[in-house]
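Here's the letter readout for the chains.
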Amino acid sequence: MYFSIEYNGRSYSEMTEESAKEAGIPDEAIVEAKKLVRIGLVKAECRRRIYAEASAETQMNMATAGAFISSKTASARSEEDKTVLAGIEASLAWVAQMRGRVTELADDATLDIADDANWPPLPDGARDVVDKF
């Protein structure tokens, strides 16, 4: 793993753990630099997984539909409207769960961020609404 680090007023880039130690950078600073790299990787994986399920366009269409349906009084909403709102709510909850995993996965370097088992699955209700848009 390559990382950049600032230590004692100097900036180092393209460092490995070994080269950082050879440069006299203490272990604590190396650990922190590696954590920053890992959190960036985990955030990128989270974003990739969210967009793999619902593109930006799909998310915008869902938001627009949700706003339109929400502008109706509850008694004027069709069953389809209620299903769409429930699916949007489920998808938003899923995104929150995904983002919640970022910290956990970033903190535990033994967890494989590419393993599907380490990420919450998209709920069926959310998938049904995503598929409509």
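Only a predicted model underlies this, so the values are computations on that prediction, with no experimental measurement involved.

Digging into helix α5 (residues 124-132)
Alright, step 1. Along α5, the residues classified as buried are Ala126, Val129 and Val130. Mapping the buried residues of α5 onto a view down its axis gives an arc of 105°, with all of them on the same face. Of the exposed residues in α5, those oriented more than 90 degrees away from the buried face are Asp124 and Asp131.
Alright, step 2. Next to the buried residues of α5 lie α2 (27-53), α3 (56-71) and α4 (79-107).

Quick word on the packing of α4 against α5
Alright, step 1. Orientation of α4 relative to α5, taken along the N-to-C sense of each, is 110°, at an axis distance of 7 Å. By the angle class used here, α4 and α5 are roughly perpendicular. Where α4 crosses over α5, the two elements pack in a sense that is left-handed. Note on element contacts: α5 touches α4 through Gly125, Ala126, Val129 and Lys132, opposite Glu80, Thr83, Val84, Gly87, Ile88, Ala90 and Ser91.

Reading the values: rules and limits
Residues numbered from 1 in each chain as written. Predicted model: local features only at pLDDT ≥ 70, side-chain atom pairs only at ≥ 80, totals over all residues. Heavy atoms only, no water. Buried < 20%, exposed > 50% of the residue type's maximum accessible area, 1.4 Å probe, protein only. Helix = DSSP H or I, 4+ residues; strand = E, 2+ residues; numbered from the N terminus. Arc of directions from axis to C-beta. Contact = heavy atoms within 4.5 Å. Axes fitted to C-alpha atoms, helices over the stretch in contact; angles between N-to-C directions. Parallel < 35°, antiparallel > 145°, perpendicular 65-115°, else oblique. Left-handed = near helix turned anticlockwise from the far one by under 90°.

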